[in-house]
Structures are given as C-alpha cells and as structure tokens.
Amino acid sequence: MVRLWFFFFIYLFRSFCQRQPGTVLRLPPLCRTCGSRRVWNSCGKARFAFSSASYGASDAQSASGAGNATCSAHPTSSPGNVLSMPTRRRRYTAVWETFTFSAFIVTLQALRAALGSWSRARDTVRYGDNVRYQIHTGLQHSIIRPTQPNCLPLDNVTLPQKLKEVGYSTHMVGKWHLGFYRRECMPTQRGFDTFFGSLLGSGDYYTHFKCDSPGICGYDLYENDNAAWDHDNGIYSTQMYTQKVQQILASHNPRKPIFLYIAYQAVHSPLQAPGKYFEHYRSINNINRRRYAAMLACLDEAINNVTLALKKYGYYENSIIVYSSDNGGQPMAGGSNWPLRGSKGTYWEGGIRAVGFVHSPLLKNKGSVCKELVHITDWFPTLITLAEGQIDEDIQLDGYDIWETISEGRRSPRVDILHNIDPIYTKAKNGSWAAGYGIWNTAIQSAIRVNHWKLLTGNPGYSDWVPPQAFSNAGPNRWHNERVSWSAGKTVWLFNITADPYERVDLSARYPEVVKQLLRRLSQFNKTAVPVRYPPKDPRSNPKLNGGVWGPWFKEDEKKKKSDKSKGANKQKKNKNKKKANRKKGQSLHCRSRLAGG
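Residues numbered from 1 in each chain as written. Predicted model: local features only at pLDDT ≥ 70, side-chain atom pairs only at ≥ 80, totals over all residues. Heavy atoms only, no water.

Caption draft 1: Seen up close, the pairing of strand β16 (residues 492–496). Burial analysis of β16 places four of its five residues in the buried class, which makes it a mostly covered element. Pairing of strand β15 (residues 453–457) with β16 involves five bridges; the strand directions are antiparallel. Its bridge partner being in β16, K454 is matched across the sheet by F495. (Buried < 20%, exposed > 50% of the residue type's maximum accessible area, 1.4 Å probe, protein only. Helix = DSSP H or I, 4+ residues; strand = E, 2+ residues; numbered from the N terminus. Pairing = 2+ DSSP bridges.)

Encoded structure:
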C-alpha cells in the first residue's frame, strides 16, 4: 500500500463563498517534536485543490509517516515551504485511512469549485473510490497489481463525476493506481476531463518505466488515453507534474469552477531525487533517509510552486488547498511513523493515521485544530454537499458530511470507523472462534474503531515502534529495545486509542465486554461485505504485447459482443428466411388445395 499526499484545489465564485462558508477537514496527527495533535480546518465554499504526494514512505509505499511532519522544523530537514505557510491560514488534522485505491478521486462539482483528490487511499477509494469502505467495493485485499484484470468497480460513482454534474472542470495529474485493464477503467472514463500521469503504483521517476516482474516491463506515462512519449524528456516526475499543473491553471478561466487532483509520485520508492536537493542533508548518515529527505524537499518546493501559480492566475483567494497522505510511512525505506506503532500496510496507527492540513484564505476558524473522528470516506459527501451537488438516494455511503464539524467545530456525526476486514490475508495460526467468544474468528485480519476504542484481530502486520534512523546506518540494532515480544496465541488487541495513541497498553483482557461489543460490530459490518476482487495475473497484460506500454489489454468483451452480434444477426437472418420459406410453402399448399377443390 502506498501512501500519497493529496493536494485539493477548490475554487468557487466569491459570491458562492460568501453565501456559505466552506471547510477543509483534517484529523489530529501526532507531532514527534512537541507531542501535540492537529486537525483540519475549514473554509468558505470555493475552488478545491487536492494534492496527493506520496509523502512519507517509499517503495511499497508512498506514504508519509507521522514522524515526517512536525509543528516545527523537522530535526533532519528544513522547514520548507509547506510548514512556512501562514499558521493563521492552516489547520492540522489526522485523517484515518484504510489503504484503498478507491483512490480517492475526490472531485467537487462544477461551476463552483475545483478540487483535487487523492488516490490510493486504497481500501476506500481513497479518494473517488472513497465513497465506500473496502469491504463494499471488493478491494479489501492488498492492492491492484499491474497484471490483474481489476479496477475500481465501474458502478462506483467518483467525486469528479459528481462535480462535473454541477459544472466543474476536472483534471488529474499524477498517479492513478486504480486499475486500467480495460478502457472503461481509465481516469478519463471515471470523471476527469484530462489526465496526465502514471497508471501504476510506482516506477522510475525519470524514465517512467516499471517492471512488475522479470521480463514484464513497460513504459508508464500517459496523457489522457495514450502513452505520452512526447513528454519523455528525462524530467523528474515531481517537477514534470508541477509544470503540467501550472499549464492547466494558466489555460483555465479562473472565473469558472475547477477541480484539480494532484497525486505526486513522491515519496514512493524507488528513492530518487535531483542531485541539488541532497545538499542540505549530507549530515544524515542513513542513505535511505537522506534520499527520502531530498525527495521531500523537492516535493515541498513543488507545492510552493503550485501555490504561487494559484496566486499568479487569480485562483488563490477563492481556493482551498487540502494536503494529505493515504497511509503511514515505511521505516525501512526512509519513512518514519515515530512515535506511532507499525508501518505502511498494517492496521496499527503508524499505518493508517495520516497527516495533513488545509490552507486557504477562506478558512472561517483559521489556525484551529479538529480532534473529532474523521475518515477518508467522509470527503465524498462533504465536498459534494459544499459544491451543491446531489447524492443519489440509491448510493450507499459509508461517509458523513462533516462540514459543520470542520467549519464550526461541532461534534462529528461519525462514531466508528471500519479500518478493514481482509478475509484472505494470511490467517493468524492461533486465531479461532473460541478466542472471539463465538462472535468472530480471530484468525481473520481486521481492525475497527468505535469512539475511543480500537480493536484488532488476526495478524495486524509489522508491529514495532521504530525510532528515527536519520543519524545511523545501524538498522534494526538501533531500535532492538522496541521489538515486540508476542504473547503465545494472541490474536486480539484492544486499545483506548485516545489515551494511548501509541498502542502500548493492550486492554483486551481487562475489558472483555468491550471486546465482545466491538467483535459484534465487526460481524455486523462483515454481513454487508461483497466478495473480494483479487483475480490472478492475465498474461495478456504484458507490455510487450501492447507496444511496450502498460495500458488496457482486455478486449475479450468487444470480441464477444461482435461475435454475439454476428451470431444474433445470422440467427435473425435464418429465422427470417425460415419464415419466408414457410410462408411460401403455405401459400403454395393453399393454392394447390384450392385448385384441387375446384
């Protein structure tokens, strides 16, 4: 699972902003420097810009860990442009994600705002796809692999689609990672007017090539529905994507609403950055951390350049910038979630608690912190409502409109979060129905949050607390004292996550009734789950069979349709001929009988 930072750009007419205040959501992340938490802010209705940068992890993740953002300058990096944004216009928040592709394609409606969403909030489709929990999309297991005939379900309505209904111009720049095996899965078919970026979850930042396995390699840079060979000029992707955003803003009419979704590739692996960004981080001995810091510095500069473009072309005063990530960082690849437990791809707080902020001149309660419960699925109904769009009654949402929570400081309507239920993840050997009081099979990987309580079952993933490794190459020896000694047969954990966000004190034995209540809630959610969509590899996906490019390969349906049409036409033709023959035969017999009778 890759963690991405999303940059939302919301643009609305000033009169619209004056009529109804807008807000930006965020939940409280932990600052490794001061230990405080932050949350999101709100703003008046305006243009929406959503920027997603894989801001924290690397390699199998493009996430930014809690240890990569602080209330002051990071101990191993300069404050940069993002942290230099005026505090009075920022709001910090921690948003809980469940890795999904639903990649949040959050787009707001037309005529009033522009919004960018993020993808790869994987499990909930974080982002577009974030309308539902993973268990309601079939994407509750792992990620969508390049060779799988799989994508965000075509019947899932995305944010950009809803925004287009109300007049928004919708644009996506960056990483898609929501599947592409058929053309109907492509970004331009899921609500975006234009798309420039990559289809896969990772790849080389300069050549844009990606190997899924030995011999299965291809080019991965697209403009709309075609390979962007003309743009293959060896430009670092973070800078190239920023240039594209600047072009979009320069050519769009700032008096019209626009939704801009920027899903930066950084800081996902491979760890690459232009040489000049390493200059300030030579003191960092750990090579992965040094590369990570350089990538982050370039990303920070990109966000500054986008902000300057918003000002230059007349969008800024009516814009809302949402900056967020989709999952935790990967400590082994430069990221840091300290002092939270676990890493990307796990259900510990270090893997699912994302960091972010909202920046806008339109914020009503500037500089405030929201500590209410907020989940990625809440973006869809909140943003659509702000854009005065319509949410169809037949759309079953798992998110809530939390606008008043953000803009007015009211209590969140949300009381629980299903982090995920993965029925095919490696089962915990000692899990059983008995351990789950006959309510739940604790061998199954799952996690749920209800008010202050968080429950985990099965194998929740890598569970160590990894201190910062910025000054050493010692690796695991540096944090050996933080290694977890597993209790024999343990498959259930309970934490008061408000009092113990670091998940150090397991309370499952002390509060068995609370455990039972949360297990029952898990069981209720599971009854609504749809079958897992995780098909085997399709050999037709090999880029060698598609001109050396990763792209749609599934054409069987078209052939089948043509075949069915052909068969149908032949059948109809035969039936017509048969009817004609019968009519002629009938007429002939009738004629003969009359002659015989005469």
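Caption draft 2: Molecular detail of the packing of helix α3 (residues 237–251) against helix α4 (residues 287–312). Interhelical geometry of α3 versus α4 gives an angle of 5 degrees and a closest axis separation of 10 Å. With respect to each other, α3 and α4 are oriented roughly parallel. Contacts between α3 and α4 involve T238, Q239, T242, V245, Q246 and L249 from the first element and C298, L299, A302, N305, V306, A309 and L310 from the second. Partitioning the contact of α3 with α4 into residue classes produces eight nonpolar, five polar and no charged. (Axes fitted to C-alpha atoms, helices over the stretch in contact; angles between N-to-C directions. Parallel < 35°, antiparallel > 145°, perpendicular 65-115°, else oblique. Contact = heavy atoms within 4.5 Å. Nonpolar A, V, L, I, M, F, W, Y, C, P; charged D, E, K, R; others polar.)

Caption draft 3: Looking closely at unusual backbone geometry. Omega for the peptide link from A266 to V267 comes to 10 degrees, which places this bond in the cis form. Tracing the sequence through the fold places V267 in the loop between β10 (258–264) and α4. In this model, S269 is joined to P270 through a cis peptide bond whose omega is 0 degrees. Take P270: it is sitting in the loop between β10 and α4. With a phi angle near 60 degrees, E388 is a residue other than glycine that sits in the positive phi range. As for its placement among the helices and strands, E388 is situated in the loop between α6 (379–386) and α7 (403–408). The exposure class of E388 is partly exposed, given its relative accessible area of 35%.

Caption draft 4: Focus on the environment of P149. The topology assignment puts P149 in the loop between β3 (90–96) and α2 (159–165). The exposure class assigned to P149 is partly exposed, which follows from its relative accessible area of 21%. Each C-alpha atom of the pair P149 and F180 lies 7.9 Å from the other, and the pair is 31 residues apart in sequence. Apart from the residues lying within four places of it in its own chain, the contact partners of P149 are Y181, P535, P536, D538 and W553.

Caption draft 5: Up close: the packing of aromatic side chains. Across all of its chains, the model carries 14 aromatic pairs by this definition. Residues Y181 and W553 carry aromatic rings whose centres are separated by 6.1 Å and whose planes lie at 55 degrees to one another, so their mutual orientation is tilted. Highlighted residues: Y181 in the loop between β4 (169–175) and β5 (194–198) and W553 in the loop between α8 (512–526) and α9 (556–597), separated in sequence by 372 residues. Assigned by exposure class, Y181 and W553 land together as buried. Between W348 and F495, the aromatic rings sit 6.0 Å apart at their centres with planes inclined by 70 degrees, giving edge-to-face as the arrangement. Placement of W348 in the loop between β11 (319–324) and α5 (349–352) and of F495 in strand β16 is noted, with a sequence separation of 147 residues between them. (Phe/Tyr/Trp six-rings, centres within 6.5 Å; stacked < 30°, edge-to-face > 60°.)

Caption draft 6: Geometry of α6. Among the eight residues of α6, seven are classified as buried, and the element is accordingly described as predominantly covered. Among all positions in α6, only W379, F380, P381, T382, L383, I384 and L386 are buried. Trailing α6 by a residue or two, E388 shows a phi angle of about 60 degrees, which is positive.

Caption draft 7: Structural detail: the state of the cysteines. For the structure on display, the rule yields two disulfides. Residue pairing for C211: its cysteine sulfur links by disulfide to C217, the two sulfurs lying 1.9 Å apart. On the sign convention where negative means left-handed, the S-S torsion of about 110 degrees between C211 and C217 marks this disulfide as right-handed. Along the protein chain, the cysteines that take part in disulfide bonds pair up as 1-2, 3-4, counted in sequence order. (Disulfide = S-S within 2.5 Å.)

Caption draft 8: How the structure looks around the environment of I444. As for its position among the elements, I444 is in the loop between β13 (416–422) and β14 (445–450). Note on I444: relative accessible area 16%, which makes it buried. Considering only alpha carbons, one finds I444 and K427, 17 residues apart in sequence, at a separation of 5.7 Å. With residues near it in sequence (within four places) discarded, I444 still touches I421, D422, P423, K427, T457 and G458.

Caption draft 9: Representation of the pairing of strand β7 (residues 216–219). Where strand β6 (residues 209–213) meets β7, four bridges bridge the pair, whose relative direction is antiparallel. Within β7, the position partnered with F209 by the bridge is Y219. Counted between consecutive antiparallel strands, the loop separating β6 from β7 contains two residues, among which G215 sits at a positive phi close to 85 degrees.

Caption draft 10: Representation of α4 within the structure. Compared with an ideal rise of 1.5 Å per residue, which puts 26 residues at 38 Å, α4 spans 38 Å between its outermost C-alpha atoms and is within 8% of the ideal. If you check the start of α4, you find a side-chain oxygen 3.1 Å away from the backbone N of N288, and it comes from N286. (Expected span 1.5 Å × (residues − 1). Polar contact = N/O pair within 3.5 Å; in protein donor to acceptor, adjacent residues only side chain to side chain.)

Caption draft 11: Here's a closer look at the pattern of salt bridges. The tally for this structure, following the rule as stated, stands at 17 salt bridges. In this structure, D378 and R414 form a salt bridge, with 2.7 Å as the shortest nitrogen-oxygen distance. Placement of D378 in the loop between β12 (353–359) and α6 and of R414 in the loop between α7 and β13 is noted, with a sequence separation of 36 residues between them. Pair check on accessibility: D378 and R414 agree, each one buried. Across the salt bridge formed by R410 and E408, the nearest N and O atoms sit 2.9 Å from each other. (Salt bridge = Lys/Arg side-chain N within 4 Å of Asp/Glu carboxyl O.)

Caption draft 12: Local environment of the nonpolar core. Core analysis: the largest hydrophobic core is formed by 80 residues, its most contacted members being L199, Y264 and M295. Take this core: its biggest share by element is 13 residues, from α4. Residues L418, I439, V515 and L522 belong to the second largest nonpolar core, which totals 19 residues. (Core = buried A, V, L, I, M, F, W, Y, C linked by side-chain atoms within 4.5 Å.)

These figures come from the coordinates and say nothing about function on their own.
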